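# Structural overview for review
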Amino acid sequence: MEPVNHWQPVTTEYQEGSPALHSEQASFGQKVRWWPASGRSSDRGSVELPIGITCVAWFYLLAAGFYFVFGSVLLSYPSSDFAALLIGYFRIVLPLPMGMADGVPLDNVLAETFFVLAMASATIGVMWMARFRPVRWLTLGYTGVALIRCAYCFLHGEGAALTLLQTRVWLAMSAIDALIFCYVAFYAGVERIFGE
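To keep things clear, this report deals only with the structure shown in the data block. Keep in mind that what you see is a predicted model, and the values were worked out from it rather than measured.

## With respect to the overall build of the chain
A count of helices and strands for the chain gives eight helices and zero strands. Mapped in sequence order, the helices and strands of the chain form the string α-α-α-α-α-α-α-α. Looking at the chain as a whole, 31% of its 196 residues qualify as buried. Once local pairs closer than 6 in sequence are excluded, the contacts in the chain between residues at least 24 apart make up 64%.

Written out as structure tokens, the structure is:
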């Protein structure tokens with residue numbers, strides 16, 4: 001004869017089962033929603049980022065990495081061929097005309113500029129990933145300033161000192177900035193990810 005188990009749960013919680021555990025279960029292939037549907041700011045976490053916003057965020061994170069490497073090369077190996085190439089191609093990113101930086105080595109000024117750009121790009125990229133609401137206006141300002149600076153340099157003769165290849169590089173960078181500016185400013189999906 002086999003023994004019979006006569007054990008019963010002591011409380012009613014175990015007899016009924018926990019509805020909170022069963023409500024989160026989903027059938028195979030069904031997406032589970034882990035955030036409350038209360039409309040609070042935490043509900044934004046369940047909305048997936050559009051592919052364009054993901055590309056913008058990763059672009060700024062990668063740009064931050066490149067800027068940091070460029071600045072490190074200029075400080076560590078200022079007499080290398082790569083440092084000379086960076087000075088030739090990216091002189092236009094300097095915030096001041098070259099005559100105002102007298103007495104300071106050009107590679108140091110450009111390296112500091114790269115580090116500032118790296119911090120700004122990394123901040124914008126992380127803010128897009130975190131869906132921090134003011135990042136939209138920061139991105140518009142950042143790309144707008146870059147476009148205005150580039151247009152100013154080319155209209156006031158600084159672009160005349162660049163070679164044809166350098167001019168093409170700067171036009172390509174300006175086209176990317178203009179594309180990001182237009183996407184962030186006019187794409188309706190940007191407002192939806194912030195729950196506006």
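After presenting the structure, the write-up continues.
## Remarks on the nonpolar core
With 17 residues, the main nonpolar core has Tyr67, Phe70, Leu74, Leu86, Phe90, Leu110 and Phe114 as its most contacted residues. Contributing elements (two or more residues each) for this core: α3 (51–76), α4 (81–90) and α5 (106–130). The residues contacting phenylalanine 70, other than those within four sequence positions of it, are Phe82, Leu86, Phe90 and Phe114. Judged by nonpolar contacts, the second largest core, of 13 residues, contains Val56, Ile124, Trp128 and Leu140.

## Topic: unusual backbone geometry
With a phi close to 60°, arginine 131 is a non-glycine residue in the positive phi region. For arginine 131, the position within the fold is in the loop between α5 and α6 (135–155).

## Description of the packing of α3 against α4
For the pair α3 and α4, the least separation of the axes is 9 Å and the interaxial angle reads 120°. Viewed along their axes, α3 and α4 adopt a mutual orientation that is oblique. Remark: the crossing between α3 and α4 carries left-handed chirality. Contacts between α3 and α4 pair Phe70, Val73 and Leu74 from the former with Phe82, Ala83, Leu86, Ile87 and Phe90 from the latter. Looking at side-chain class alone, the contact of α3 with α4 contains eight nonpolar, no polar and no charged residues.

## Concerning the packing of α3 against helix α7 (residues 164–186)
Where α3 contacts α7, the axes come no closer than 11 Å and their chain directions differ by 140°. Judged by the sense of rotation from one axis to the other, the crossing of α3 with α7 is left-handed. Side by side, α3 and α7 meet where Gly52, Ile53, Val56, Phe59, Tyr60 and Tyr67 of the first sit next to Met173, Ile176, Ile180 and Tyr183 of the second. Among the residues forming the contact of α3 with α7, the class breakdown is nine nonpolar, one polar and no charged.

## Things to note about the packing of aromatic side chains
The full count for this structure, using the stated rule, is eight aromatic pairs. The interplanar angle of 40° and the centroid separation of 6.2 Å between the aromatic rings of phenylalanine 66 and phenylalanine 70 together place this pair among those described as tilted. Taken together, the positions of phenylalanine 66 and phenylalanine 70, both in helix α3 and four residues apart, correspond to about one turn of that helix. Between phenylalanine 68 and phenylalanine 115 the ring centres are 5.6 Å apart and the planes differ by 55°, which places this aromatic pair in the tilted class. Here the residue phenylalanine 68 occupies a position in helix α3, and phenylalanine 115 occupies one in helix α5, the gap between them amounting to 47 residues. You can call phenylalanine 68 partly exposed: its relative accessible area is 48%. Grouping aromatic residues by their ring pairs yields a cluster made of Phe66, Tyr67, Phe70, Phe82 and Phe114. Positioned above the aromatic ring of tryptophan 137 is the side chain of arginine 136, whose terminal nitrogen or guanidinium carbon lies 5.5 Å from the ring centre.

Basis of the calculations
Residues numbered from 1 in each chain as written. Predicted model: local features only at pLDDT ≥ 70, side-chain atom pairs only at ≥ 80, totals over all residues. Heavy atoms only, no water. Helix = DSSP H or I, 4+ residues; strand = E, 2+ residues; numbered from the N terminus. Buried < 20%, exposed > 50% of the residue type's maximum accessible area, 1.4 Å probe, protein only. Contact = heavy atoms within 4.5 Å. Core = buried A, V, L, I, M, F, W, Y, C linked by side-chain atoms within 4.5 Å. Axes fitted to C-alpha atoms, helices over the stretch in contact; angles between N-to-C directions. Parallel < 35°, antiparallel > 145°, perpendicular 65-115°, else oblique. Left-handed = near helix turned anticlockwise from the far one by under 90°. Nonpolar A, V, L, I, M, F, W, Y, C, P; charged D, E, K, R; others polar. Phe/Tyr/Trp six-rings, centres within 6.5 Å; stacked < 30°, edge-to-face > 60°. Lys NZ or Arg CZ within 6 Å of the ring centre and 35° of its normal.

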